[in-house]
Amino acid sequence: MDAAATYLDLPIPDRANHLWRYTPWHRIHPTGKAAYLPTTLAPPVIHLTMLDGSEPPEGVTISASEAVDSVAPVDDIAAAFIRALTAGDSVTLSVAKGVRLKQPLLLQVEVEGDVCGIHFNHDIGPRSEVELITVFKGNAEWLGVLREGVIGEGAILNDIVVNRLGGGMMLRVDAIRIERDAQVKLGTVGAGGKRTKADLRYHMVGIGGSLEVKGSIMSEGEQHNDSHIEIMHDAPMTYSRLNWHSSCGGRSRTIGTGMLRIADGAKGSDANQLFHNLLLSPHAEADSIPELEVLENEVVGCGHGTANGPVDESQMFYLQSRGFSEVGARGLLIAAFLNSTLSDMGSDAVHDWLKDLLSGGLASLTS
Amino acid sequence: MARTGGFSVSSDAREAVGDYKAGWHDPEQATVRFDAGLSEQVVRDISELKGEPEWMTDIRVKAYHHFMARPMPTWGSTELLNSIDFDKICYFLRSGDGTKGDWDEVPEDIKNTFDRLGIPDAEKKWLGGVTAQYESETIYHSIREDLESQGVIFLDMDAGLREYPEIVKKYFCSIIPYQDNKFSALNTAVWSGGSFLYVPKGVHVELPVQAYFRINSENMGQFERTLIVAEEGSSVSYIEGCSAPTYSTDSLHSAVVELIAMPGAYIRYTTIQNWSNNVYNLVTKRGVAHENSTIEWVDANVGSKLTMKYPAIILKGEGAHGEVISVAYAGEGMHQDAGAKVHHLASNTTSKILSKSISKDGGRGSYRGMVTVSKKADNCKVNVVCDALILDEKSRSDTYPTMEIKNSSCRCEHEASVSKVSDDQIFYLMSRGHSENEALALIVNGFFEPFVRELPMEYAVELNKLMALEMEGSIG
């Protein structure tokens, strides 16, 4: 069965499934009609450079490729839709075994037009060390991104995705496999797009793997940001932390649903997830469903937490007593809230670069 | 006599039923028994048998059609839910010939059952009133004279409908309409028994009142309906206990409980559910709290094949407070899918949810909860804590909390943890002279302590003993 037929054959997901509770499939589909499969795609413009603009070194390649082994489940409607859009073609970013990059890679994806779909395949070789920043920008009405990949044994990866789209919709699906002893940090910076649905799934399949997932989401205006993060501990002695910070201004809505699953036999797993929502406007809304499924009793620990609230009045008072204006104090506290996850996403160079990139967006939340 | 779960059980009865301590049964002595299966005629027959007013019959029939049309939930333990054979269940069974006010008039066999469970003893010592339901109907009911003289009404639900139809009509289905879910529709269609408790303005019921629900027959469905109304400034504490015999076939318990706390009132509803593990326990419980009132659900789920129960509180009036404290024990063949729901509709409302669960011998404990804060509810505070212990490799624990916050002034916190009993704790207690099992029982009792301290002392002592018995053989 080809990719289009596979998608059309799938049932529309039930809203009883938390993944689709707040953003049902028809709301993130480009036309709202689930049975419709767009045939004309606007081609994305993809640039891969080092952060300073130089060419990537030997051992780092990006190339078009045909069908690759699927990490995302075949019955996942979002992944199936993007596969159908891209007709099974993908772009493979490959980092060879043992390559250690001295500065971050910058993958810029510019999208225009009505409907745009990209299928990335990240092949991060064993024992390599990579920082990768992926920036989506442009004014496409709809963008679908499927990122599949394997992080090889002992690899160290800082993978940061930045959404800087204009007013369009974005559907993002991550399906990443983390092999033995790999150390992975995955950061998501959300600052653009009118509606974003992210379904991020990480499978810890190798013993000793470590994963930190960070989110720093700025929502304002009428934005709708729905992020679902699943972390599967399938192997023993695996470690994961999820820390997701969302600031919600205007009439925006942010949603954080998570699933932390410890498989039977994943002894010594250590897992924790936290969702924090800072509510900045009387019309903003924040929803959280942090789920746990634990099938193994020999765990180091497994927990989750959420907290929602406004900017702390006592902190505001303190800063104003030290001479800050109300707007200044508020801006400082919001920046600190978002920075607490942003600063953990990568090296200092990456952090400074992200700070500069996002400083404009922050100003709109403080007023 | 061994004492378990708040009730006395003879040692021969315990031997007969294995680990479950209330699993014996008496020979069925039905005076009225409907054939298994559900139809509109069954619903009409139940209503006619009880001599109900027309409006109640109409609601029952509408609820029946809703139940038939409504699909089974697609969440939770769908496999177990879909295995319920509604055609094999008996929807009405009357034992004896009506509710007695004198314990000596209760038929001998039924009296023996409740004697074994310790009900009359408890009443004499520390209860304000008692209702005992056997199969579909209440067989014994009493209330202390001093409460009655203050205007407190404590009746079984059938008598409540007969004697106070205007109050029942006003509140029946007002908090949980039959359209709420498939099982509230089923209960509304075939309800029988349950409690009707009305506390007048300003009256404080100092001693708790208790209802005890017993399923005795095989393939039985018990559908009690409870309505508690606490008028302005009043307070009451209600305790219910449940048990059933162990059979190879399944029984269904599907209750609906509606609580109304008027301004400044206080209601505490305590459940000690100890069903045998052939019972499906699918219960809808919800209370509405008006200005400055408090509703507390204190909920212990120790048995059943599948429990799906999420006590809910609607904080409707400003300054209202809701609290749900629950414990669940999921042993072999059990799935405890329990939790809590709190809806903050008004400003300055506060809520607290504390959930504790233990999974053992392949059992599955799930917390499923929901907290919503509406747009107009300013300055609400929410605190949710879920802790779970998994005691062996075969068991599992899940947490599915949902939080929907539509007001920026709300402070909402949720935390959950899943862990095992640490070797360090066991080692420390053994170094102080305890055996491994004693050490485990102590740790488990400590884990449940925040719940147990909310119980009346008699229940707290017995629950500790019950958990100690359940922990026997957990190590080694």
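To be clear, the structure that these remarks concern was listed above.
Read on for a plain summary of the structure. (Residues numbered from 1 in each chain as written. Chains lettered and ligands numbered in written order. Predicted model: local features only at pLDDT ≥ 70, side-chain atom pairs only at ≥ 80, totals over all residues. Heavy atoms only, no water.)

So, the overall build of chain A
Move 1: Along the backbone of chain A there are six helices and 18 strands.
Move 2: Taken across its 367 residues, chain A has 59% of its residues classed as buried.
Move 3: Of the contacts formed within chain A by residues at least 6 apart in sequence, a portion of 86% connects residues at least 24 apart.
Move 4: Separation between the mean location of the 29 positive side-chain charges and that of the 46 negative ones in chain A comes to 3 Å. (Helix = DSSP H or I, 4+ residues; strand = E, 2+ residues; numbered from the N terminus. Buried < 20%, exposed > 50% of the residue type's maximum accessible area, 1.4 Å probe, protein only. Contact = heavy atoms within 4.5 Å. Lys, Arg positive; Asp, Glu negative; His and termini not counted. Charge placed at Lys NZ, Arg CZ, Asp CG, Glu CD.)

A short note on the pattern of salt bridges
Move 1: In this structure the tally under the stated criterion is 36 salt bridges over all chains.
Move 2: Two residues, glutamate 129 of chain A and arginine 100 of chain A, come together in a salt bridge whose shortest N-O distance is 3.6 Å. Of this pair, glutamate 129 of chain A sits in strand 6 (residues 129-138) while arginine 100 of chain A sits in the loop between strand 3 (90-95) and strand 4 (105-111), and the two are 29 residues apart along the sequence.
Move 3: Relative accessible area serves as the criterion here: at 59%, arginine 100 of chain A is assigned to the exposed category.
Move 4: Of the charged contacts, one joins aspartate 158 of chain B and lysine 50 of chain B as a salt bridge, the two residues approaching to 2.9 Å between their closest N and O atoms. (Salt bridge = Lys/Arg side-chain N within 4 Å of Asp/Glu carboxyl O.)

Observations concerning the interface of chain A and chain B
Move 1: At the junction of the two partners, chain A supplies 41 residues and chain B supplies 33 residues.
Move 2: Buried surface at the junction of chain A and chain B, summed over both partners, amounts to about 2800 Å²; 44% is from carbon and sulfur atoms.
Move 3: Three residues, Asn297, His304 and Asn308 of chain A, lead the burial of chain A against chain B; their summed loss comes to 19% of the area buried on that side.
Move 4: Our count for the contact surface shared by chain A and chain B stands at five salt bridges.
Move 5: We note a salt bridge from glutamate 298 of chain A to lysine 420 of chain B, for which the minimum N-O separation is 2.9 Å.
Move 6: Run the count over chain A and chain B and you get 18 residue pairs in polar contact (both at pLDDT 80 or more). (Buried area = accessible area lost by both parts, 1.4 Å probe. Polar contact = N/O pair within 3.5 Å; in protein donor to acceptor, adjacent residues only side chain to side chain.)

Section: the environment of serine 210 of chain A
All names here are of chain A.
Move 1: Along the polypeptide, serine 210 turns up in strand 12 (residues 210-219).
Move 2: The class of serine 210 is buried, set by a relative accessible area of 18%.
Move 3: Residues serine 210 and aspartate 181, spaced 29 residues apart in sequence, show a C-alpha to C-alpha distance of 6.9 Å.
Move 4: If we ignore the near neighbours within four places in the chain, the residues touching serine 210 are Ala182, Gln183, Val184, Met204 and Tyr239.

Overview of empty space enclosed by the protein
All names here are of chain A.
Move 1: Inspection of every chain in the model, using the stated rule, returns four cavities of 30 Å³ or more.
Move 2: Each pocket or cavity is described by its volume, and for the largest cavity that value is around 110 Å³.
Move 3: Taken together, 14 residues make up the lining of the largest cavity; nearest its centre are Asn163, Arg172, Thr188, Thr196 and Ala198.
Move 4: Put simply, the parts of the chain that give the lining of the largest cavity at least two residues each are strand 8 (156-165), strand 9 (169-178), strand 10 (183-190), strand 11 (195-204) and strand 13 (224-233). (1 Å grid on protein atoms, 1.4 Å probe; cavity = no way out; pocket = protein on both sides within 12 Å on 5 of 7 lines; lining within 4 Å. Points joined across faces, edges and corners; volume = space filled by probe spheres on them.)

Brief notes about the packing of aromatic side chains
Move 1: Counted by the stated rule, this structure contains 16 aromatic pairs over all chains.
Move 2: Ring geometry for tryptophan 20 of chain A against tryptophan 25 of chain A: centres 5.8 Å apart, planes inclined by 85°, an arrangement best described as edge-to-face.
Move 3: Ring geometry for tryptophan 75 of chain B versus tyrosine 310 of chain B: centroids 5.8 Å apart, planes at 50°, classification tilted. Highlighted residues: tryptophan 75 of chain B in the loop between helix 3 (54-69) and helix 4 (78-82) and tyrosine 310 of chain B in the loop between strand 18 (306-309) and strand 19 (312-315), separated in sequence by 235 residues.
Move 4: Residue classification places tyrosine 310 of chain B among the buried positions, given a relative accessible area of 11%.
Move 5: By the ring-pair criterion, three or more aromatic residues cluster together here, those being Tyr7, Trp20, Trp25, Phe81 and Trp142 of chain A. (Phe/Tyr/Trp six-rings, centres within 6.5 Å; stacked < 30°, edge-to-face > 60°.)

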